[in-house]
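Coordinate inspection notes
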Amino acid sequence: MRSHGNSMHWQDLLCLSLLLELLQAGLCPVTASHYHTPCHPGYHKFPKCIDTPGAYLCECGPGFEWNSHMCVAKAADSRLEFLDVKPVGYTLLLGKTFPQLSAFTISMWVKAAKIDRDRVYLSYSTNDQKPQIMVERGKNTKIYVAGQMVLAPGPTKAAVNTWQHLAFTWSNRRGDWAWYVDGQRVVRSDKLATNITLPIAGEFVLGQAPRSRETLQFEEDRMFMGDLSHVNVWTEAKNKTQIQKLSEDCTFMQCGDAVQWVDFRSGTRGSMKLRWPSGIFATGCNTNPEKACDSYCSHTIGPQCNQDIAGNIEWPRTPAGHTKSLLCPGLNVEDEENVLERWANRTCQNTGGLHGQWDVPIINQCASREQLELSVEIREALEKPNINGSLIIYLTRKLDNYTKTFLRKTNPIDLAIDIACLDMLVELQSKSLHDIAWSEDMLKFAQTHLAYPTFTLTTEFSRIVVDIVSAVMDSKNEIAWSETKPRGQEAVQLLKVIRKFTDVLATSLTLHRRRGEISYEEASISALTHNFVLDVITIKLSNYRGIKFPTRHEDLLLLDHFSLPRELFNEVHLTPDLEYVVISNAKYNSLGRLLPNHPEPIRVVHFRDKAKEHAHKEDNINTALLATRIHLSESEEIFQNLTTPILIDLSYDKPFNVSNPECVTLYISNTSDDWKWTKEGCEILSYSQDGARCHCRHPGIFALTTDMYDIDWNCCNERIFEVTIPAYIGYIINVAFCIASLILFSHFKCLSDTVNVHRNLAMSIILAQTSYVIGVARREDEGLCKGFAIVLHYFFTSEFCWLCNEAFNLYVEVANSIHAETQQQRPMLRYYIIGWVFPGALVGALVGANWENYFAEDICWISMDQIWLFVGPVAGVWAITCFVLTFTGKDIVESSYSKDKQANKVVSNHCKGCWVQITLIVISWAFAFVSVKMVGLILQVLYAFFVILQGSFFFVFFCVLNGEVATALRERRARLGLAVSSPSFSTKYSVYRRAPTSPTSKKDRTESTDHGTHTSGSLASASIASASVGAGVGSAGVGAGVGSAGVGAGGLSSSTNHFEMRNRKTDHATVEFSEELVTTV
């Protein structure tokens, strides 16, 4: 009997020590709370922790899923379905011996289909047939332990077809037992089978009572009807709290140590059906599997700092206790040594919890020495108690010189430091502002007024700051702005600095006016630059009649302006102190591109992103920014909803093919870097092809958005692959050569197997090139694009297969020429299977098995991640082709002495043509592959050049130098009465034997060659006769020689008639005629 005391078995101690060693070595994928589980290891396992940028991911493998504790087989959450059909269904406990028990807990989930009579849910019995354990429910619940029965309340009608959790506990110490329904204890008692131990190795059955001793059959009337699931048996009597947890456990991690649910999977008999999932918890678990996985893996691998953006650098996920070093962004450094010296560092601190904590990034190396020194100098000045205006002007000029000296920036950190330095300078100017202060006796001014900057210094400071802002926003810094992370954050920081700057100017002008240095008409500052325009003016409310901005630069900026209404201050409560108000107006010519309406760019290159593409092309900032700010306390609340709105006119930056203009204002959070464009309170009044007019009922930063549907517009400035004119030209010429070859084959009625292979190769080239050129860039429709991707894969593979058929056919021809007495058969059916059927089956299998990841996102081709599916099979076919051609070339060289000269030439040309094709096909498709990813004209020019070569060499080697075409042409010329000077070649070694044809076509072919064959036979007869006459004269004198010649002539005449008839029936007549004639002579 297993002990359950506090002592630990020595095997458990050994296992625990090994686990601790593995954990220390980082090799054990378990946590401190997961040292041991009683669940079956085949259905429960630990996950593989995958480190992703935002958190850990638990990978369980196929057929398993993460349930917040472990990876559980999907089939483990199953149910047994007991049906009222023949044969009788039941489930046995097989492959495991039921243990000896002095206490136990049985837990199960039940969905009863019928409660019309007593039905047995489970039973355990030994040879004496007495039920050692049995649960039977009808009107009451009958529970048997060691043959003794107790009663508990039976099921209600509401329990029919409803999942219920049932549990029964028993201990032999005092015979204590308890019955639970849905985690609640229904009845509890004692004195059941006291001091009795249940025997080992009995029969445990689900859904049936013990078998009859006589018939060994089950009682069908007591068979359970419904569903059973997650039946577990423990060797202890669990308490009420444990049973409650069992009923609420939706992860089903509580597995019995005596019997567990998966032990019954192999014991189903009869009409039993095992189905999954069980459906017990229809709404699923309330646990957070992602959070549980992250906690589990943090215990397993260790805590980490999640991916984060700080200092314009995206810091990847890093283990706690480690320092991450990254190359400074946007550096344009030529020598490698300087690159190694400029790194940004950030440490992930180990806090002792599940997650690490990032420190502040150290990015000093990413900035220039001059910039860092200036930053330190400004910070030291900011810490001084007394600040004078001359020092501020000096430092501001120094920053201005730096931004103009290094105008073209590529590093976003340089921009961030420039903005930070400007922020500190504005803060310096703010600290230097002091109003007139009175002493306690009210008799003299405080001495602090001596440190107050003069109006001249204030104006100079304003002019320099505007120059700095314009230089920072300049388009020459486009690379640096595009590298800022997150997108738009530095632009928001710049706007916050400018807002603080205008507040300081408003305060400064108010102080200068109060001191009497300037009048309220002179209390204004204006500055105009290429990228930034600023007006800060003081108005007297009693004289206010509205404001139009720009006020003093209408000749330069007529297209973009706004008008503040005369009724702007109607709702403002006037007091003696509120006589003057400062208003700041600004125009940002290029800031809209830095604050896009879509903070994160969307790659729009494929049909799958069509919805995103529209979203990205819609509502894009397409104007300069106009801003107005009224410098009053609580101005945002006062002017939130103006009765008379602000009238705004803006012109488009890109007027071509735009539509649907919208007027928007920029919201910037005061407590964070959050920002967004909103249409709230703004409305379009009218628009034209150049711009639009709108009004807004609150001050702010205004812009227009439009839908950008320019056919040449690309959100990310990415080069998208398109088939160019050179590629089309190359494709047309290639196809023209192939079609010309097909026309000649058809015109001259070339019917040999070799020409048939040529014909199919030409068709595969035409179809493959057409699929590529016409279909590879058809992104407008998803189905069409996917169809072209599959068709291209098929014809691409088919082209290589037909080239392999060329090699096989040439090898067979050469083998037949060497061994003329044993001709190898060359059925075209085999070639058709290799060339058309095999590629279809292969491509279909590959596409079906990888459908989700098969297609590329930017073109109608296979995904580059799956490119091996595209290249791998054809690489194997190409290698086989080279191997066959190599052996064929060897046989051609070794057997060249047995052929006539013309046959050697034909076979050699055929072999050369095959080698040229297998070379050009690889080169042309290689440039096709490269041109798709490395978009450029030169690559498509090279592709066009090599496909032209492929088509032209196909026409030359497989058509012009084709022996059958030459023979047909010679026959045509002979029928026309033209002299035929081309020597014929022996058909014995010809690679152009005729394929079997219909009787009609064969008759036509034979009749068309009668004249040529007769002429050739006559010439051959005359030649041999002449030789015979010469031989006769030389051997037996003139008379004998003449006699011999006469005999030979007579024999020749009859032989000629005989062989001419045979020549009409076979293509090999010339060879047989020559051999028999020599024998006769």
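For the structure, check the block above.
A brief structural summary. Here the structure is a predicted model, which means the values were calculated and not measured.

1. Section: the pattern of salt bridges
- Considering all chains together, one arrives at 33 salt bridges under this definition.
- For Arg79, the salt bridge goes to Asp227, with nearest N and O atoms at 3.2 Å. Note that Arg79 is positioned in strand β6 (residues 79-82) and Asp227 in strand β17 (residues 226-234), a separation of 148 residues in sequence.
- With a closest N to O distance of 3.9 Å, Asp467 and Lys404 form a salt bridge. Here Asp467, found in helix α8 (residues 455-473), pairs with Lys404, found in helix α6 (residues 389-405); they are 63 residues apart in sequence, far enough to count as distant.
- Asp467 gets classed as buried once you look at its relative accessible area, which sits at 17%.
- When its relative accessible area of 46% is taken as the criterion, Lys404 is described as partly exposed.
- When salt bridges with common partners are traced through the structure, they connect Arg397, Asp400, Lys404, Glu460, Arg463 and Asp467 into a single cluster.

2. Focus: the side chain of Ser590
- Mapping Ser590 onto the fold places it in the loop between β31 (580-588) and α11 (610-617).
- Taking relative accessible area as the criterion, Ser590 reaches 12% and is therefore assigned buried.
- Here the side chain of Ser590 touches Met473 through a polar contact of 3.2 Å, landing on its backbone oxygen.
- In this structure Ser590 touches Met473 and Asn531, once residues within four positions along its chain are discounted.

3. Structural notes on a nonpolar patch on the surface
- A cluster of nonpolar residues, Ile725, Ile729 and Ile733, forms a patch on the protein surface that exposes about 270 Å² of accessible area.
- Overall, Ile733 belongs to the partly exposed group, its relative accessible area being 31%.

4. Details of the sheet that holds strand β34 (residues 646-651)
- Strand order in the open sheet made by the five strands is β29-β30-β34-β38-β37, with antiparallel pairing throughout. Edge positions in the open sheet fall to β29 (547-549) and β37 (682-687), since each of these has one partner strand only. Taken over all neighbouring pairs, the strand axes of this sheet differ in orientation by 20° on average, direction set aside.
- Taken together, the three bridges between strand β30 (residues 561-564) and β34 define a ladder with antiparallel strand orientation. Directly across from Phe562, in β34, lies its bridge partner Ile648.

5. Remarks on the packing of aromatic side chains
- Scanning all chains against the criterion turns up 43 aromatic pairs.
- Where Phe104 meets Trp170, the ring centres are 5.4 Å apart and the plane angle is 40°; that geometry is what we call tilted. Here Phe104 is found in strand β8 (residues 103-112), whereas its partner Trp170 is found in strand β13 (residues 164-171), with 66 residues between them in sequence.
- With centroids separated by 4.5 Å and ring planes inclined at 25°, the aromatic side chains of Phe796 and Phe870 adopt a geometry described as stacked. You can see Phe796 sitting in helix α15 (residues 782-818) and its partner Phe870 sitting in helix α18 (residues 867-894), a full 74 residues away along the chain.
- Classification of Phe796 as buried rests on a relative accessible area of 2%.
- On the accessibility criterion, Phe870 (0% relative accessible area) is buried.
- Clustering of aromatic rings is evident, with ring pairs tying together Tyr772, Phe796, Phe800, Trp861, Phe870, Trp925, Phe929 and Tyr943.
- It is Lys45 that lies over the ring of Phe64; its NZ or CZ is 4.3 Å from the centre.
- The aromatic ring of Tyr56 is capped on one face by Arg317, whose charged end is 4.3 Å from the ring centroid.

6. Digging into the sheet that holds strand β24 (residues 323-327)
- An order of β24-β25-β26 is seen for the three strands of this open sheet, with the pairing classed as antiparallel. Both edges of this open sheet fall to β24 and β26 (357-358), since each of them pairs with a single strand only.
- Strand direction decides the pairing type here: strand β25 (residues 343-349) and β26, joined by two bridges, are antiparallel. From the neighbouring strand, Cys348 faces β26, where its bridge partner is Trp358.

7. A short note on the state of the cysteines
- Summed over the entire model, instances satisfying the criterion amount to nine disulfides.
- Disulfide pairing is shown between Cys58 and Cys293; the S-S distance is 2.1 Å. The sign of the 110° torsion about the S-S bond sets the Cys58-Cys293 disulfide as right-handed. Of this pair, Cys58 sits in strand β3 (residues 56-59) while Cys293 sits in helix α3 (residues 289-300); the two residues are 235 residues apart in sequence, bridging distant segments of the chain. Summarising the burial analysis for this pair, Cys58 and Cys293 share the class buried.

8. Considerations on unusual backbone geometry
- The peptide bond linking Lys86 to Pro87 adopts the cis configuration, its omega dihedral lying at -10°.
- Inspection of the secondary structure assignment puts Pro87 in the loop between β6 and β7 (90-92).
- In this structure, the amide linkage connecting Lys485 to the following residue, Pro486, adopts the cis form with an omega of -10°.
- For Pro486, the location among the structural elements is in the loop between α9 (478-482) and α10 (489-515).
- The phi dihedral of His230 is positive, around 50°, even though this residue is not glycine.

9. A few points about the packing of α8 against α10
- For the pair α8 and α10, the least separation of the axes is 11 Å and the interaxial angle reads 165°. When the interaxial angle is binned, α8 and α10 end up roughly antiparallel. Here the hand of the crossing between α8 and α10 comes out left-handed. Contact residues: α8 offers Phe455, Thr458, Phe461, Ser462, Val465, Val469 and Met473, while α10 offers Leu494, Ile498, Phe501, Leu505, Ser508, Leu509 and His512.
- Of the residues contributing to the contact of α8 with α10, the split by class is ten nonpolar, four polar and no charged.

Analysis parameters
- Residues numbered from 1 in each chain as written.
- Predicted model: local features only at pLDDT ≥ 70, side-chain atom pairs only at ≥ 80, totals over all residues.
- Heavy atoms only, no water.
- Salt bridge = Lys/Arg side-chain N within 4 Å of Asp/Glu carboxyl O.
- Helix = DSSP H or I, 4+ residues; strand = E, 2+ residues; numbered from the N terminus.
- Buried < 20%, exposed > 50% of the residue type's maximum accessible area, 1.4 Å probe, protein only.
- Polar contact = N/O pair within 3.5 Å; in protein donor to acceptor, adjacent residues only side chain to side chain.
- Contact = heavy atoms within 4.5 Å.
- Patch = residues over 30% accessible without salt bridge, like charges linked within 9 Å, V, L, I, M, F, W, Y side chains within 5 Å.
- Areas by Shrake-Rupley, 256 points an atom, 1.4 Å probe, with all protein chains shown as cover.
- Pairing = 2+ DSSP bridges.
- Axes fitted to C-alpha atoms, helices over the stretch in contact; angles between N-to-C directions.
- Phe/Tyr/Trp six-rings, centres within 6.5 Å; stacked < 30°, edge-to-face > 60°.
- Lys NZ or Arg CZ within 6 Å of the ring centre and 35° of its normal.
- Disulfide = S-S within 2.5 Å.
- Parallel < 35°, antiparallel > 145°, perpendicular 65-115°, else oblique.
- Left-handed = near helix turned anticlockwise from the far one by under 90°.
- Nonpolar A, V, L, I, M, F, W, Y, C, P; charged D, E, K, R; others polar.

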